[in-house]
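# Breakdown of the fold
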Amino acid sequence: MIWASFNGTAVLKPLNPEDEERALLFAAEILKKGGLVAFPTETVYGLAADALNPAAVENIYKVKRRPPDNPLIIHVAGVEQAVGLVKDIPPEAFLLAENFWPGPLTIVLPKKKLVPDITTAGLSSAAIRVPKHPLAIKLIRTADVPLAAPSANLSGRPSPTTAEHVLEDLAGQIGAVLDGGRCSVGVESTVISFLSSPPALLRPGGVTLEMLESVLKLKVLDLTVEGGGKTYKRIPPPAPGMKYRHYAPRAPLYLVVGDYPLLKKQLVALAEGFLMQGRKVALLLSRESEGICQAPVLRVLGSRKKPRQVAERLFSVLREMDLLEVDVIVAEGFDEKGMGKAVMNRLRKAAAAIIKTEK
Ligand code: AMP
Ligand code: MG
């Protein structure tokens, strides 16, 4: 086991099964005492507290500096545990759970009384998911409580996809981080709400809208786009968290959107303008656009044809921008299909300005 301490935060990186058991017992003990533990999931690293302990959950808000009206996702080990926390579960929700759990899908349902108000930021509903990472499931089982866990970053910063990212933001403020390597999905879970009929997409993520609709065999109300849901009668409250600016690196990020390959011209013009001002420009491009322009920093996010690749790298590249101390970031927009929808949702929230390419 690599067992280190950063300003009092234990870093637990198990290298074999015995190590793993020791690390899990150590982390579970912290959680049972009301402390905080960061842990890997397949989406991003989460910052966990016992979801049923209001004082422990309060610490999450404090440490992350998270606005108090932004509710937390509760992580459970399986459907049985979920059923203990929420009620009025329609068959469609079970169908989604069957198809996508464990996995990057969060389901919003009316909460039972035992879920403390602070965990749901005062809402009468709770957001639940079963994560896919083996360490995440083992941690929930060992602690033997549902875990309230937002992403393990300071509010507003890009979400962490490695244990190092967690330490950048939270070293010294949490009991431990369980290091399970790099997260495979790279963006947060999809959030779907069953408070409305049809159900509503509140946040695009690892399970795409297309995947949800093909399993449900109905059109999901898409509240992640402007004007989404206008044609529906009962519109649920959107995810409170989605109104905040998020994921922002320190340097302003200019996101260029529009048809490809037309948007390449706009990317080059913008980058060249900043370069002429003598600014340290970072270009975030697709593999296909790699050669369009020289800049002090160039990062390829992935192929335009493989948005899952882009999602996996996105947050770590945004964090790297801070370490490289760039002055300005010019980023290429991707197609909003499939996983591209989640990628563009995060890029838009990270952007200081969005530039549309005119035809
Ligand atoms: P995070 O944990 O930081 O990835 O954010 C959790 C997301 O889930 C935020 O956008 C929250 O607003 C959303 N969320 C959590 N609980 C609820 C709920 N009861 N109703 C609607 N959205 C929720
Ligand atoms: Mg977050």
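Residues numbered from 1 in each chain as written. Chains lettered and ligands numbered in written order. Predicted model: local features only at pLDDT ≥ 70, side-chain atom pairs only at ≥ 80, totals over all residues. Heavy atoms only, no water.

## Side note on the overall build of the chain
A tally of helices and strands in the chain yields 10 helices and 17 strands. The C-alpha atoms of the chain give 20 Å as radius of gyration, which agrees with the globular expectation for 359 residues (21 Å, within 12%). Referenced to the eigenvectors of the C-alpha coordinate spread, the extents of the chain come out at roughly 55 × 55 × 35 Å. Here the chain holds 359 residues, and 58% of them are scored as buried. Within the chain, residue pairs in contact and separated by at least 24 positions form 66% of the contacts whose partners lie at least 6 positions apart. Here the chain has roughly 15300 Å² of accessible surface; of this, 54% comes from carbon and sulfur atoms. Taking the average place of the 46 positive charges on the side chains of the chain and the average place of its 37 negative ones, the gap between the two points comes to 4 Å. (Helix = DSSP H or I, 4+ residues; strand = E, 2+ residues; numbered from the N terminus. Rg over C-alpha atoms; globule rule 2.2 N^0.38 Å. Buried < 20%, exposed > 50% of the residue type's maximum accessible area, 1.4 Å probe, protein only. Contact = heavy atoms within 4.5 Å. Areas by Shrake-Rupley, 256 points an atom, 1.4 Å probe, with all protein chains shown as cover. Lys, Arg positive; Asp, Glu negative; His and termini not counted. Charge placed at Lys NZ, Arg CZ, Asp CG, Glu CD.)

## Examining the sheet that holds strand E13 (residues 253-257)
One open sheet holds the 5 strands; their spatial order is E15-E14-E16-E13-E17, and the pairing between them is parallel. The two strands at the open ends of the sheet, each matched to only one other strand, are strand E15 (297-302) and strand E17 (353-356). Here the average twist between neighbouring strands, direction ignored, is 20°. Bridge count between strand E14 (residues 281-286) and strand E16 (residues 328-332): 4 bridges; the pairing is parallel. Bridge pairing in E16 links leucine 284 to alanine 331. The strands touched by helix H8 (residues 263-276) are E13, E14, E16 and E17; relative to E16, the strand with the most contacts, the crossing angle is about 175°. Sheet strands touched by helix H10 (residues 340-350): E13, E16 and E17. Its angle to E13, the strand with the most contacts, is close to 135°. (Pairing = 2+ DSSP bridges. Axes fitted to C-alpha atoms, helices over the stretch in contact; angles between N-to-C directions.)

## A word on the packing of helix H1 (residues 17-32) against helix H5 (residues 134-143)
Relative orientation of the contacting elements H1 and H5 amounts to 55°, with a least axis distance of 9 Å. One finds that H1 runs oblique with respect to H5. Between H1 and H5 the crossing geometry is right-handed. Where H1 approaches H5, its residues Glu20, Leu24, Leu25, Ala27, Ala28, Leu31 and Lys32 are matched on the opposing element by Leu135, Lys138, Leu139, Thr142 and Ala143. Each residue belonging to the contact of H1 with H5 can be placed in one class, and the counts come to 8 nonpolar, 1 polar and 3 charged. (Parallel < 35°, antiparallel > 145°, perpendicular 65-115°, else oblique. Left-handed = near helix turned anticlockwise from the far one by under 90°. Nonpolar A, V, L, I, M, F, W, Y, C, P; charged D, E, K, R; others polar.)

## Regarding the environment of arginine 319
Position of arginine 319 relative to the elements: it lies in helix H9 (residues 307-323). Taking C-alpha positions, arginine 319 is 27 Å from alanine 23, a pair spaced 296 residues apart along the chain. If sequence neighbours within four positions are ignored, arginine 319 has contacts with Asn153, Arg157, Pro158, Ser159, Pro160, His165, Glu168 and Asp169. A polar contact is formed between the side chain of arginine 319 and the backbone oxygen of proline 158, at a distance of 2.8 Å. (Polar contact = N/O pair within 3.5 Å; in protein donor to acceptor, adjacent residues only side chain to side chain.)

## A word on the pairing of E16
Most of E16 sits out of view: 5 of its 5 residues are buried. Covered by surrounding structure in E16 are Val328, Val330 and Glu332 together with Ile329 and Ala331, the residues of both alternating faces.

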